[in-house]
Amino acid sequence: MPRPPIIRKDPGAFVVAPNLPDTDAARAAFSWDSARAGLQGLPGGGLNIAHEAVDRHANGPRANHVALRWLPASGAARDITYAQLSRESNRYANVLRGLGVVKGDAVYVLCGRIPALYAAVLGALKCGAVVSPMFSAFGPEPLKTRVNLGAGKVLVTTEALYARRVRKVEGEMPTLRHVLRVDDPGTRGMLEGAPERFAVERTGAEDPAFLHFTSGTTGMPKGAVHVHGAVAAHYATGRFALDLHPEDVFWCTADPGWITGTSYGIVAPLAHGVTSLVDEAEFDAERWYRNLQEQGVTVWYTAPTAIRLLMKSGAEVARRYRFPQLRFVASVGEPLNPEAVWWGKEALGLPIHDNWWQTETGGIMIANTPAMDVKPGSMGKPLPGIEARIVHRREGGLAFVEAPDTEGELALRAGWPSMFRAYLGQEERYRKCFAEGWYLSGDLVRRDAEGYFWFVGRADDVIKSAGHLIGPFEVESVLMEHPAVAEAGVIGKPDPVVGEVVKAFVSLKAGHQPGEDLRLQLLAHARKRLGAAVAPKEIAFADSLPRTRSGKIMRRLLKARELGLPEGDLSTLEGPA
Ligand code: WT7
């Protein structure tokens, strides 16, 4: 069945009037100062995300509104009101302060999606700490690397995750002063005994609040620093791109170990005072449909991999459920195929609205907002407050692409509130992301004559698997620690469901023979050290790996060969190809 290239929206068909009836008009009229007027600020001056997200509601008419509806992996749902979340985060703030946490200290949280995660993150923000939420599927190695890069002082975790992820590397994280296991009896006693009041540290808009790690092609992950002032962008984008209204039940399926799960799983919905669903369990098609139906989700923010998994689970499963409350569905993290947009329309009764952003941008930049006609396959248009252009980097400076449908790098005018303020300890690398007042995203895009942006690809070899950025270098380093491995090159191999899977090529040291046993051993080694989210799914042996004359593994060539594509320019290749 041929599908039209555009899904027209009927303004008369909205049950709830969209916050953004006309994106282009709003962009012309918008100012960040007017957006900041939606925030309260700390009593006596200053700005703190936790106050905007929780305390201002706890001290007002929404005190008894449900902030978090938690669905444990098994058992009954638990509601936590704004008043309760305020008190619980105050207890964490008091305990952390008691451990010596002061403004600017780094607090890491490795908890899985349980209420303690939310209370600990918010409590740490109240202390003025810089919070770094860790993904619970990270193995000990990525955890250690990140704690050390950010000089973590306290790690908040659970008994189970401590045993599985932390204990082995605890001695290798020299800056850590305390590991707080939220469910051990001692900590529980401490939390219960802690006062439920806390005077929020007087942070300002430019004080650091979050540290989110993101992977590049080379070297260790980069710590993107975000400030308290970012909450203005989370609030504005929650309003414009997610269309949050006070009575919404919102579900962001991302884990807070990735920035989507923090910006839109914690900050934006709470700043709006809505009810946010938190599901502890991992993806399961039946469970997810059931959540949408039984919890009465009105706005749903998820990812292409999840949508493709739902598509794969079959239409019969979807047909067993009804979603009369669902009003708006958005997706982020990887290209959303037009089929997935249409699947939404057929299975959920609503097209999926793609949007684009990055760890560095802190919040949604380009989006299909509810009132906009959707062109399946397009990421949408820049939000109010965001100026996006397409550029080519030239010797003499940036060349701006004016012609429609022309590929180039996506650039954003620097200065929106949730823009990252540093790559921790890497000033030069940070500076290189900017030119002439523009942030250069590293993504290749084009823009059509009507101003819709289309994703083309990334300019680097970073791997995107299930929406998560994986740095090949981190994976290669762990493989090379294995005694049999001489060199390793890691690529993203296209996959119809998760976008890309991690595939490693290894060559062996003298005295080691390739074989099934060793392959399984290497897979297990990588999985143990890196965790399931980062470890390669496939390993292939090679006699040697292609390198440049300067000694870098040519991942592009490994990938071209894997895919049977033209090998491109080989002038820098060392030795015979
Ligand atoms: C990279 C950023 C998504 C925010 C949190 C993850 C890719 C993101 C889209 C989209 C195609 C997308 C880009 C971007 N990406 N959204 N709608 N269509 N690609 O942030 O882990 O820093 O990843 O994800 O390549 O640069 P991240």
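Residues numbered from 1 in each chain as written. Predicted model: local features only at pLDDT ≥ 70, side-chain atom pairs only at ≥ 80, totals over all residues. Heavy atoms only, no water.

### Observations concerning the pattern of salt bridges
Logical step 1: Considering all chains together, one arrives at 48 salt bridges under this definition.
Logical step 2: Of the charged contacts in the structure, one is a salt bridge between E567 and R561, with a shortest N-O distance of 3.1 Å.
Logical step 3: Accessibility expressed as a relative area gives 35% for R561, which makes it partly exposed.
Logical step 4: Members of the salt-bridge network, linked through shared partners, are E141, K144, E172, E481 and R529. (Salt bridge = Lys/Arg side-chain N within 4 Å of Asp/Glu carboxyl O. Buried < 20%, exposed > 50% of the residue type's maximum accessible area, 1.4 Å probe, protein only.)

### Side note on the environment of R327
Logical step 1: Assignment of secondary structure puts R327 in the loop between α13 (315-319) and β12 (328-332).
Logical step 2: The spacing of R327 and E316 is eleven residues in sequence and 22 Å in space, taken between C-alpha atoms.
Logical step 3: Apart from residues no more than four positions distant in its own chain, R327 is found in contact with V16, D243, H245, D248, T298, V299 and L350.
Logical step 4: Engagement of the side chain of R327 in a polar contact is seen with the backbone oxygen of D243, the distance being 2.6 Å.
Logical step 5: Here H245 takes part through its side chain, which lies 3.2 Å from a polar atom of the side chain of R327. (Helix = DSSP H or I, 4+ residues; strand = E, 2+ residues; numbered from the N terminus. Contact = heavy atoms within 4.5 Å. Polar contact = N/O pair within 3.5 Å; in protein donor to acceptor, adjacent residues only side chain to side chain.)

### Description of the site of the ligand
Logical step 1: Surrounding the ligand, one finds 19 residues, the nearest of these being D354, N355, T359, D443 and K464.
Logical step 2: Between the ligand and E334, the relevant distance is 3.3 Å, taken from a nitrogen atom to a main-chain nitrogen or oxygen of the residue.
Logical step 3: Contact distances for the ligand include 2.6 Å between an oxygen atom and a side-chain N or O atom of T359.
Logical step 4: Look at the ligand: alone it shows 560 Å² of surface, and the protein chains cover 97% of it.
Logical step 5: Listing elements by their share of the shell around the ligand, those giving two or more residues are α10 (259-271), β13 (353-356) and β22 (453-458).
Logical step 6: The leading source of residues in the shell around the ligand is β13, at three residues.
Logical step 7: Looking at the shell around the ligand residue by residue, the class counts come to eight nonpolar, six polar and five charged. (Near = heavy atom within 4 Å. Areas by Shrake-Rupley, 256 points an atom, 1.4 Å probe, with all protein chains shown as cover. Nonpolar A, V, L, I, M, F, W, Y, C, P; charged D, E, K, R; others polar.)

### Side note on the pairing of strand β16 (residues 388-394)
Logical step 1: Here β16 runs beside strand β18 (residues 408-413); their pairing, made up of four bridges, is antiparallel. If you follow R389 over to β18, its bridge partner there is A411.
Logical step 2: Sheet analysis places β16 next to strand β17 (residues 397-400), joined by four bridges and oriented antiparallel. Within β17, the position partnered with H392 by the bridge is A399.
Logical step 3: With antiparallel pairing between neighbouring strands as the criterion, β16 and β17 make up a hairpin whose turn holds two residues. (Pairing = 2+ DSSP bridges.)

### Looking at the packing of helix α5 (residues 115-126) against α10
Logical step 1: Put simply, α5 and α10 touch, their axes get as near as 11 Å, and they point 70 degrees apart. Between α5 and α10, the angle falls in the class roughly perpendicular. On the side of α5, the interface is formed by Y118, V121 and L122, while α10 contributes G265, I266 and L270.
Logical step 2: Of the residues that constitute the contact of α5 with α10, the class distribution is five nonpolar, one polar and no charged. (Axes fitted to C-alpha atoms, helices over the stretch in contact; angles between N-to-C directions. Parallel < 35°, antiparallel > 145°, perpendicular 65-115°, else oblique.)

### Brief notes about empty space enclosed by the protein
Logical step 1: Scanning the entire structure with this criterion turns up one cavity of 30 Å³ or more.
Logical step 2: Empty space within the largest cavity amounts to approximately 50 Å³.
Logical step 3: Residue lining of the largest cavity: I49, A209, F210, H212, H226, V227, A230, H234, I259, S263, G362 and S418, and that is the complete set.
Logical step 4: Of all elements in the fold, only β7 (208-214), β8 (222-227) and α10 reach the threshold of two or more residues within the lining of the largest cavity.
Logical step 5: With three residues, the single largest contributor to the lining of the largest cavity is β7. (1 Å grid on protein atoms, 1.4 Å probe; cavity = no way out; pocket = protein on both sides within 12 Å on 5 of 7 lines; lining within 4 Å. Points joined across faces, edges and corners; volume = space filled by probe spheres on them.)

### Digging into a nonpolar patch on the surface
Logical step 1: The grouping of L149, M220 and F473 at the surface amounts to a nonpolar patch, some 220 Å² of accessible area in total.
Logical step 2: Mapped onto the elements, M220 comes out in the loop between β7 and β8.
Logical step 3: Taking the relative accessible area as the measure of exposure, M220 reaches 33% and is therefore partly exposed. (Patch = residues over 30% accessible without salt bridge, like charges linked within 9 Å, V, L, I, M, F, W, Y side chains within 5 Å.)

Note that all results are geometric; they support no functional claim without further evidence.
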